[in-house]
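Observations on the model geometry
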Amino acid sequence: MTTTDDLVHDASVDLAVARLVEEFRPRLRPQVVGTVVASCRRDLSGVPVTALPEMVERLARTRLQSVG
């Protein structure tokens, strides 16, 4: 069963991964970016649904910038 939260989760994670893969290419592999974004999404589980896409991407970008 798919819930509204599942759809928001997938969209926010997929869009953030796509943008950040381009931003951090070739320094970081897409798998690394995907793992970091998914971790950020889990960490932001209590954030209001409407804020998730922006917050997930911001947190992931901050974490990715500190890598390397």
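By convention here, each chain's residues receive numbers from 1 onward along its written sequence. Reporting of local features is limited, given that this is a predicted model, to residues whose pLDDT is at least 70; pairs of side-chain atoms are given and counted only at 80 or more, and all residues count toward the totals for whole chains, interfaces and linings. To obtain the side-chain values, all non-hydrogen atoms of the structure were included, while hydrogens and water were left out.

Overview of unusual backbone geometry
Just so we agree on the cut-off: Counting from the N terminus, the helices are the DSSP runs of H or I reaching at least four residues and the strands are the DSSP runs of E reaching at least two.
With an omega of -5°, the peptide bond between R25 and P26 qualifies as cis. Mapping P26 onto the fold places it in the loop between helix 1 (4-24) and helix 2 (30-43).

Examining helix 3 (residues 52-65)
Counting along an α-helix, one turn takes 3.6 residues, and residues three or four places apart therefore face a common direction. So the rule is basically this: In this analysis, the expected span of each helix is defined as 1.5 Å times one less than the number of residues it contains. Burial classes: relative accessible area under 20% of the type maximum marks a residue as buried, over 50% as exposed, and values in between as partly exposed (1.4 Å probe, protein chains only). Directions are taken from the helix axis to each C-beta atom, and the arc is the one they span.
In this model helix 3 runs 20 Å from its N-terminal to its C-terminal C-alpha over 14 residues, within 8% of the 20 Å that 1.5 Å per residue would give. Regarding helix 3, the residues found buried are L52, V56, E57, A60 and L64. The arc enclosing the buried residues of helix 3, seen along the axis, measures out at 120°, which places them on a common side.

Quick notes on the side chain of E57
Where we set the bar: In the analysis that follows, any N or O atom pair within 3.5 Å is treated as a polar contact, provided that within protein one partner can donate a hydrogen and the other can accept it, and provided that, for residues neighboring in sequence, both atoms belong to side chains. Working rule for contacts: check all heavy atoms of both residues, and any pair within 4.5 Å makes them a contact.
With respect to the element layout, E57 can be found in helix 3. Of the residues examined, E57 reaches a relative accessible area of 9% and is grouped as buried. A distance of 2.6 Å separates a polar atom in the side chain of E57 from a polar atom in the side chain of R19. Setting aside residues no more than four positions away along its own chain, E57 makes contact with A16, R19 and L20.

Some remarks on the nonpolar core
Rules: For our purposes a nonpolar core is just a set of buried Ala, Val, Leu, Ile, Met, Phe, Trp, Tyr and Cys residues, chained together by side-chain atoms within 4.5 Å.
Within the largest apolar cluster, 17 residues are counted, with the highest numbers of intra-cluster contacts made by L20, V33, V37, V56, A60 and L64. Among the elements of the structure, helix 1, helix 2 and helix 3 are those that each provide at least two residues to this core. Counting residues per element, this core draws most heavily on helix 1, which supplies six residues. For V56, the residues in contact, after removing those within four places along its chain, are S12, A16, V37, C40, R41 and L44.

Some thoughts on the pattern of salt bridges
Inclusion rule: Salt bridge, as used here: a side-chain nitrogen of Lys or Arg that lies within 4 Å of a carboxyl oxygen of Asp or Glu.
By the definition in use, this model includes six salt bridges. Close ionic contact of R61 with E57 constitutes a salt bridge, the shortest N to O distance being 3.0 Å. Highlighted residues: R61 and E57, both in helix 3, separated by four residues, approximately one helical turn. With a relative accessible area of 24%, R61 lands in the partly exposed category.

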